Amino acid sequence: EPRQLAELLTSDETEWLRAQLDETISSPALQATEEAMRVAFPDFRNDGLAVHRVLAQLLRTTNPVRARLLLWTENHFSTWISKVGPRRQWVQHQRFYEKGPATFGELLRISATSPAMLVYLDQRQNFSDRLNENYAREIMELHTVGVDAGYDQKDVTELARLLNGWTLAEVADPTGLEPAADGEFRFEPFLNDGRSRRIFGMEFSATPPEDRYDNAAKALEMLSAHPSTARFISRKLVEHYVGLPADEKLVDRMSKVYLETGGDLREILVALGQDPAFWESAPRATPPQDFALRFSRMLGSVSTRKVNDFLNRSGMGLFQRASPDGYPEADSNYVNSNTLMQQWAFTDGFRGDL
């Protein structure tokens, strides 16, 4: 936007980027954005309204740097609104939105205790006498160390057992006027046998009920701090912000920053923005989400309906990815006849507004 471009051109770009990344949800500008969103969409009890609320935030935000990282985070920890429901999806979104740029470990904990994720990958049904490994498998394969990190099926099973009892508690409305809420995270220690485990080379000793949550939390900390996670997350950030195939030397440099800062995404993005490889990267195709948001913001449009319709027709609907791997980054996924026709129809739809 012109104002932001002027700010960037008249200041040090690293200082500008840090200021964008350091802005908190309590800032007056972001509070105003939040208030405008709630006025426009006071309800979120169906899929469409929850999505429109998020699009309203993205179209109105004064901090696109923060918003872009939010979209990357939600795509990395992808959940499907059609399975988890609008309330759970909204709650998860707001927790990521309010946290903003943080360490990767903090974002992993938000995801791991999110009612949306607990439902989406069936973790709420994972008990000591009825094992469900879905979430444990995706934590390792998609969220942290990556499929090539060298773990095996036994590691997945042991992590799933360590997470036994990581579930949901249904919360009743005290007035009795509203239906029960969609649940909040709860750890139930007596659904976990507390036996010793070995996961990815790390020992977790047998524990009494009061220490079993800490054991599970320690496993998440171990995974978020693992060198394979540093490389996996750095690669995904490079693929998102720079290009594919990822520059291996750039991935090496970002992995080093990850390990030195405890996975602080602020520092990784600042380092990425200072790296010559970022500025020398080749032009890329624009995926539908970026295209719709950029075009709308350029025109000052806050029409969530137009954006939502375009995204759904283009196959990149917000929270509509059914599989847990998130939308792909490769340009080839967004260079096809349907995407181009939908871009034309989307832009043509603004003709009467100009």
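Heads up: the structure comes first, above all this text.
Note that the coordinates shown come from a computational prediction; the quantities given were computed from them, not determined experimentally. (Residues numbered from 1 in each chain as written. Predicted model: local features only at pLDDT ≥ 70, side-chain atom pairs only at ≥ 80, totals over all residues. Heavy atoms only, no water.)

Chemist: Would you take a moment to explain the packing of helix α10 (residues 134-143) against helix α11 (residues 153-162) for this structure?
Modeler: Two packed helices can be described by the angle between their axes and the distance between those axes. It is at 8 Å that the axes of α10 and α11 come closest, and there the two elements cross at 125°. If you check the angle between α10 and α11, you find them oblique. For the crossing formed where α10 meets α11, the hand is right-handed. Between α10 and α11, the residues in contact are Ala136, Arg137, Ile139 and Met140 and Gln153, Asp155, Val156, Leu159 and Ala160, respectively. Considered class by class, the residues forming the contact of α10 with α11 number six nonpolar, one polar and two charged. (Axes fitted to C-alpha atoms, helices over the stretch in contact; angles between N-to-C directions. Helix = DSSP H or I, 4+ residues; strand = E, 2+ residues; numbered from the N terminus. Parallel < 35°, antiparallel > 145°, perpendicular 65-115°, else oblique. Left-handed = near helix turned anticlockwise from the far one by under 90°. Contact = heavy atoms within 4.5 Å. Nonpolar A, V, L, I, M, F, W, Y, C, P; charged D, E, K, R; others polar.)

Chemist: It is not clear to me how the layout of surface pockets should be interpreted in this structure. Could you clarify?
Modeler: By rolling a water-sized probe across the atoms, one finds the places where empty space is left. Considered as a void within the structure, the second largest pocket measures approximately 270 Å³ in volume. Lining the second largest pocket are 13 residues, with Val145, Gly146, Asp148, Phe232 and Arg235 sitting closest to its centre. Per-element tally for the lining of the second largest pocket: the top contributor is helix α13 (residues 227-241), with six residues. Partitioning the lining of the second largest pocket into residue classes produces five nonpolar, two polar and six charged. (1 Å grid on protein atoms, 1.4 Å probe; cavity = no way out; pocket = protein on both sides within 12 Å on 5 of 7 lines; lining within 4 Å. Points joined across faces, edges and corners; volume = space filled by probe spheres on them.)

Chemist: Looking at this structure, I do not really get the pattern of salt bridges. What am I missing?
Modeler: Two side chains that carry opposite charge are able to pair once their charged atoms sit near each other. Summed over the entire model, instances satisfying the criterion amount to 24 salt bridges. The closest approach of N and O atoms between Arg3 and Glu7, which form a salt bridge, is 2.9 Å. One end of the pair, Arg3, and the other, Glu7, are both in helix α1 (residues 2-9), four residues apart, so they sit about a helical turn from each other. Between Glu158 and Arg197 there is a salt bridge, with its nearest N and O atoms 3.5 Å apart. Of this pair, Glu158 sits in helix α11 while Arg197 sits in strand β3 (residues 197-199); the two residues are 39 residues apart in sequence, bridging distant segments of the chain. For the pair Glu158 and Arg197, one class covers both residues: buried. Each of Glu158, Asp193, Arg195 and Arg197 takes part in a single network of salt bridges with overlapping partners. (Salt bridge = Lys/Arg side-chain N within 4 Å of Asp/Glu carboxyl O. Buried < 20%, exposed > 50% of the residue type's maximum accessible area, 1.4 Å probe, protein only.)

Chemist: Help me out: how do you make sense of the packing of aromatic side chains in this one?
Modeler: Remark: the centre distance and the inter-plane angle together describe each pair of aromatic rings, the angle taken between the planes. Applying the stated rule across the entire model yields 17 aromatic pairs. Consider the rings of Trp166 and Tyr213, whose centres lie 5.2 Å apart with planes at 5°: the pair is stacked. A residue pair is termed long-range when its members are at least 10 positions apart, and Trp166 in strand β1 (residues 166-169) and Tyr213 in helix α12 (residues 212-225) qualify at 47 residues. An angle of 45° between the planes, with centres 5.9 Å apart, marks the rings of Phe291 and Phe310 as tilted. Of this pair, Phe291 sits in helix α17 (residues 288-299) while Phe310 sits in helix α18 (residues 304-314), and the two are 19 residues apart along the sequence. Accessibility expressed as a relative area gives 0% for Phe310, which makes it buried. Counting every residue linked through ring pairs, the aromatic cluster contains Phe291, Phe295, Phe310, Phe346 and Phe350. Lying over the aromatic face of Trp90, Arg53 brings its terminal NZ or CZ to 4.8 Å of the ring centre. (Phe/Tyr/Trp six-rings, centres within 6.5 Å; stacked < 30°, edge-to-face > 60°. Lys NZ or Arg CZ within 6 Å of the ring centre and 35° of its normal.)

Chemist: Please explain the nonpolar core as it appears in this structure.
Modeler: If you look at soluble globular proteins, the nonpolar side chains tend to sit buried side by side. The biggest cluster of nonpolar side chains holds 66 residues, and the ones touching the most others in it are Met140, Leu159, Trp166, Phe200, Leu223, Val238 and Leu272. If near-sequence neighbours (up to four positions away) are discounted, Leu272 is found in contact with Leu237, Val238, Tyr241, Val242, Leu250, Met254 and Phe278. Counting residues in each nonpolar core, the second largest holds 25 residues, with Met37, Leu293, Leu318 and Phe319 among its members. (Core = buried A, V, L, I, M, F, W, Y, C linked by side-chain atoms within 4.5 Å.)

Chemist: How do you make sense of a negative patch on the surface when you look at a structure like this?
Modeler: A cluster of like negative charges, contributed by Glu210, Asp211, Asp214 and Glu221, occupies part of the molecular surface. Along the polypeptide, Asp211 turns up in the loop between β4 (202-204) and α12. Under the relative-accessibility criterion, Asp211 is labelled partly exposed at 32%. (Patch = residues over 30% accessible without salt bridge, like charges linked within 9 Å, V, L, I, M, F, W, Y side chains within 5 Å. Areas by Shrake-Rupley, 256 points an atom, 1.4 Å probe, with all protein chains shown as cover. Lys, Arg positive; Asp, Glu negative; His and termini not counted. Charge placed at Lys NZ, Arg CZ, Asp CG, Glu CD.)

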